[in-house]
Amino acid sequence: MLSVEEALDAILSRVVVMPTERVELMASLGRVLAEPVVSHREIPPWANSSMDGYAVRAADTAAGVSLALVGRVEAGVLPARTVGAGEAMRIFTGAPMPAGADAVIPQEDIDTDGERAISLRGRVAPAAYVRPAGEDIRRGDAVLGAGTVIAAAEIGLLATLGYTQVPVYRRPRVAILSTGNELADLGTEPKPGQIPNTNTYSLMAQVLECGAIPMSLGVAPDAAGAIEARVRQARDADVLVSSAGVSVGDLDFVKAALESAGAELHLWRVSMRPGKPITFGSLHGRPVFGLPGNPVSAMVTYELFVRPALLAMMGRRAVQRPRLRARAGAPISNPGSRRGYLRVTLARDGGDFVATLTGDQGSGILRSMVAADGLAVVQPDTVIQAGEQVDVIVVRSLEPRSL
Ligand code: AMP
Ligand code: MG
C-alpha cells in the first residue's frame, strides 16, 4: 500500500505545467504569472510632496525667517520655475518638487506673512516630506517573479507598470465524470433504487475553487463501453476526473474503460481513510484520476491528489494546503491500519486552535464535510486524547467561523 506522500509524489512527477496565455489585467487575479515583471518605469517618476505646504531650501530655514512666495504647483502639472535662495513655492500633495527646493514645510507649520511671503517657526531637515523619485519602484527592478500568484496588490503593481495584459499559465479544463447505475442526475427525481448524483457537483466546485475550469461529462452507467464513450467525448479536456467504480468489484469498470480509451494507468491502494483505491494515469499525455465514489472519499482524495496536481499545472509552486498544529478538543481516534484524514472544526482559544471532530466520519456523511474547516491527520491505530496536539490540513478559509 502506498503512503499519501508516495502517491502524491508519483502524481506530481508526471504532471506538466500548462502553456501560457495573455489575459486582460483584471482576469489575471488568482492566476500565476508566467514571466518575470521588470519595471520600465520609475515610481514615483519624480520627487514629490507628501503634504500640502511649501517647497523650500532646507538650508534657508530657521525660526523667524521669512521666505518670498514665488509660485504654486499642484499635482498633475510641472512647476513653472525653480526655487532660489530665500524663496518658497506653494505645493500640494503629489505635486512634483520644483528644482532648487529640497524640503516641504506642512502648511500647518508656518505663519503666513501677507500674500507674498511665509514666516517660519523653525528649521526643517533636508528631504522632509519629500517622496524621492523611484522610492517605490526603480526602472530595471525585478518586481514580480515568474510563479507569483496574482492578488490585489500585484494587480495594483501591474497597473502601475502599465500592464493591460498579463502573461499567465492557462487554466486546465477538467472533465468530471460520475459513474454508477444508481445515480439520478440533478434535475431528475431519483426513482426507487436511485440516489442523487452528488460528486459531479462537489468535484466541479472543488475544481472552480482552485482556479481550474470544470466541464461535466454527466453520469455514465456501470458499463465499460458507456464509460469509454464518455471519456472519448472529453477530447478537449486537459484533465479527466471520474468518481466511483474504481475498486475491484464486479461492477467496477472505470479502470478497464480508461484503458480501452487508451490510458496508461496505475491502480493504487493508498493508506488513507476515507478513500479506497484510486487510479491515476495518463490518457494521451493528459492526467486522469479515478476517485472513489463515496462523496466524502471523492472530496478528500480530490483534496489530497487532484488539487495539488491542478495547482502545479497552473504554475503554482506551493501546491499543498497550509497545515497547523491544533489541540484536540475531545479525543480523536483513528482505529485501523490506514492513516486518517478526519473532518474537524477549528476554533480559536487564545493563541491556540482547537480541533474537534465534526461527527460521524463515515465516508458517505457529507454533512460532516460541510461542517469541516480541516482534516486532522492521524496515524493508524491512534487515539489523540483531548488536549494533545494534532496536525490539521486547513481546507477552508478560517475567517468566517473561527475569527
Ligand atoms: P463505488 O465506488 O462505485 O463502489 O461507490 C461507492 C459509493 O458511493 C456507493 O454507495 C455509491 O452509490 C456512491 N456514489 C458513487 N457515485 C456517487 C455520486 N456521483 N454521488 C453520490 N454518491 C455516489
Ligand atoms: Mg458503483
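Keep in mind it's a predicted model, so treat the numbers as computed, not measured.

Peer 1: Can you tell me about unusual backbone geometry, naming the residues and giving the values?
Peer 2: Residues Ile43 and Pro44 are joined by a peptide bond in cis, for which omega reads -5°. Along the chain, Pro44 turns up in the loop between strand E2 (37-38) and strand E3 (48-49). The linkage connecting Arg273 with the following residue, Pro274, adopts the cis geometry, with an omega of 0°. Summarising the element assignment, Pro274 is placed in the loop between strand E18 (263-268) and strand E19 (278-283). A positive phi angle, near 75°, is found at Ala127, a position not held by glycine. A relative accessible area of 49% places Ala127 in the partly exposed class. Even without being glycine, Ala244 reaches a positive phi, approximately 75°. Within the secondary structure, Ala244 sits in the loop between strand E17 (239-243) and helix H5 (254-260). The exposure class of Ala244 is buried, given its relative accessible area of 16%.

Peer 1: For the packing of helix H1 (residues 4-12) against helix H6 (residues 295-313), give the residues involved together with the corresponding values.
Peer 2: With their axes 10 Å apart at the nearest point, H1 and H6 run at an angle of 30° to one another. The angle between H1 and H6 places the two elements in the roughly parallel class. Helix-helix and strand crossings are classified by hand; for H1 and H6 the assignment is right-handed. Residues Val4, Ala7, Leu8, Ile11 and Leu12 of H1 pack against Leu304, Phe305, Pro308, Ala309 and Ala312 of H6. Split into classes, the residues belonging to the contact of H1 with H6 amount to 10 nonpolar, no polar and no charged.

Peer 1: So what about the sheet that holds strand E23 (residues 340-349)? Which residues, and what values?
Peer 2: With respect to topology, 5 strands assemble into a closed barrel ordered E21-E24-E23-E25-E27, the strand pairing being mixed. Strand after strand, the sheet turns through a mean of 50° between neighbouring axes, direction not considered. Bridge count between strand E21 (residues 323-328) and strand E27 (residues 389-394): 5 bridges; the pairing is antiparallel. Looking at the pairing, Ala326 lines up with Val390 of E27.

Peer 1: Residue-level account of the site of ligand 1, with values.
Peer 2: In the neighbourhood of ligand 1, 15 residues make up the surrounding shell, with Glu182, Asn197, Thr198, Gly245 and Gly293 lying closest. With respect to ligand 1, the side chain of Glu182 contributes an N or O atom lying 2.5 Å from an oxygen atom. At 2.9 Å, a backbone N or O of Thr198 approaches a nitrogen atom of ligand 1. Look at ligand 1: alone it shows 480 Å² of surface, and the protein chains cover 79% of it. Looking at the shell around ligand 1, the elements with two or more residues in it are strand E13 (173-179) and strand E15 (195-196).

Peer 1: Lay out the pattern of salt bridges with the relevant residues and their values.
Peer 2: Two side chains carrying opposite charge are able to pair once their charged atoms lie near each other. Scanning all chains against the criterion turns up 14 salt bridges. The salt bridge partner of Arg22 is Glu35, with a shortest N-O separation of 4.0 Å. With a gap of 13 residues between them, Arg22 in strand E1 (residues 20-24) and Glu35 in the loop between E1 and E2 connect regions that are remote in the sequence. The salt bridge involving Arg170 is made with Asp238; its shortest N-O contact spans 3.0 Å. Separated by 68 residues along the polypeptide, Arg170 in the loop between strand E12 (165-169) and E13 and Asp238 in the loop between helix H4 (224-233) and E17 bring together distant segments of the chain. Each member of the salt-bridge network shares a partner with another, and the members are Arg327, Asp349 and Asp352.

Peer 1: How would you sum up helix H3 (residues 199-209)? Please name residues and give values.
Peer 2: The α-helix advances 3.6 residues per turn, and as a result positions three or four apart in sequence lie on the same side. The set of residues buried in H3 consists of Asn199, Thr200, Ser202, Leu203, Met204, Gln206 and Val207. Residues of H3 that are buried make contact with E13, strand E16 (213-220), E17, strand E20 (286-291) and H6. One or two positions beyond H3, positive phi appears at Gly211, with a value near 95°.

Peer 1: Tell me about the packing of H3 against H6, and please be specific about residues and values.
Peer 2: Interhelical geometry of H3 versus H6 gives an angle of 30° and a closest axis separation of 10 Å. Here H3 lies roughly parallel to H6, going by the angle between them. Along this stretch, H3 crosses H6, giving a crossing that reads as right-handed. Between H3 and H6, the residues in contact are Asn199, Ser202, Leu203, Gln206 and Val207 and Pro295, Ala298, Met299, Tyr302, Glu303 and Leu310, respectively.

Peer 1: Please give an account of the pairing of E13 that cites residues and values.
Peer 2: Every regular strand shows the same layout, with side chains that alternate between the two sheet faces. Burial runs high along E13: 6 of the 7 residues are buried. As paired elements, E13 and E16 share 6 bridges and run parallel to each other. Bridge assignment links Ser178 to a residue of E16, and that residue is Val219. Note: E13 against E17, 5 bridges, orientation parallel. Within E17, the position partnered with Ser178 by the bridge is Ser243.

Peer 1: How would you sum up the environment of Pro274? Please name residues and give values.
Peer 2: Residue classification places Pro274 among the buried residues on the basis of a relative accessible area of 6%. Measuring from C-alpha to C-alpha, the distance between Pro274 and Arg316 comes to 27 Å, with 42 residues separating the pair along the chain.

Peer 1: An account of the packing of aromatic side chains is requested, with residue identities and associated values reported.
Peer 2: Within the structure shown, the criterion is met by 2 aromatic pairs. Judged by centre distance (5.8 Å) and plane angle (25°), the rings of Trp268 and Phe280 are stacked. Here the residue Trp268 occupies a position in strand E18, and Phe280 occupies one in strand E19, the gap between them amounting to 12 residues. Overall, Trp268 belongs to the buried group, its relative accessible area being 11%. Taking the relative accessible area as the measure of exposure, Phe280 reaches 2% and is therefore buried. Arranged with centres 5.1 Å apart and planes meeting at 50°, the rings of Phe280 and Phe289 form a pair that is tilted. Take Phe289: its relative accessible area is 1%, and that puts it in the buried class. Aromatic rings pair up to connect Trp268, Phe280 and Phe289 into one cluster.

About the thresholds
- Think of each chain on its own: its residues are numbered from 1, step by step along the sequence as written.
- Ligands are numbered from 1 and chains lettered from A, in the order in which they are written.
- Residue-level local features of this predicted model are given only where pLDDT is at least 70; pairs of side-chain atoms are given and counted only at 80 or more, and the full residue set underlies all totals for whole chains, interfaces and linings.
- Calculated side-chain values reflect all of the structure's heavy atoms, with hydrogen atoms and water omitted.
- Only DSSP runs of H or I with at least four residues qualify as helices, and only runs of E with at least two residues qualify as strands; both kinds are numbered from the N terminus onward.
- Partly exposed residues are those whose accessible area sits between 20% and 50% of the maximum for their type, while under 20% is buried and over 50% is exposed, using a 1.4 Å probe and protein chains only.
- Axis geometry follows a simple rule: fit a line to the C-alpha atoms, using only the stretch in contact for helices, then measure angles between N-to-C directions, giving values from 0 to 180 degrees.
- For classification purposes, an angle smaller than 35 degrees is called roughly parallel, one larger than 145 roughly antiparallel, one from 65 to 115 roughly perpendicular, and anything else oblique.
- Crossings are classed by handedness, with left-handed meaning an anticlockwise turn of the near helix from the far one by less than a right angle and right-handed meaning a clockwise turn.
- Any two residues whose heavy atoms approach within 4.5 Å at even a single point are treated as in contact.
- For this classification, the nonpolar set comprises Ala, Val, Leu, Ile, Met, Phe, Trp, Tyr, Cys and Pro, the charged set comprises Asp, Glu, Lys and Arg, and every other residue, Gly included, is treated as polar.
- At least two bridges found by DSSP between two strands is the condition for calling them paired.
- The near set for a molecule or strand comprises every residue that places at least one heavy atom within 4 Å of it.
- Definition of a polar contact: a pair of N or O atoms within 3.5 Å, with one able to donate and the other able to accept a hydrogen when the atoms are protein atoms, and with sequence-neighbouring residues admitted only if both atoms are side-chain atoms.
- Every accessible area reported is derived by Shrake-Rupley at a probe size of 1.4 Å, with residue values counting cover from the shown protein chains alone.
- Every case where a carboxyl oxygen of Asp or Glu lies within 4 Å of a side-chain nitrogen of Lys or Arg is listed as a salt bridge.
- Think of it this way: a Phe, Tyr or Trp ring, Trp meaning its six-membered ring, pairs with another when their centres are within 6.5 Å, and the plane angle makes it stacked under 30 degrees, edge-to-face over 60, tilted otherwise.

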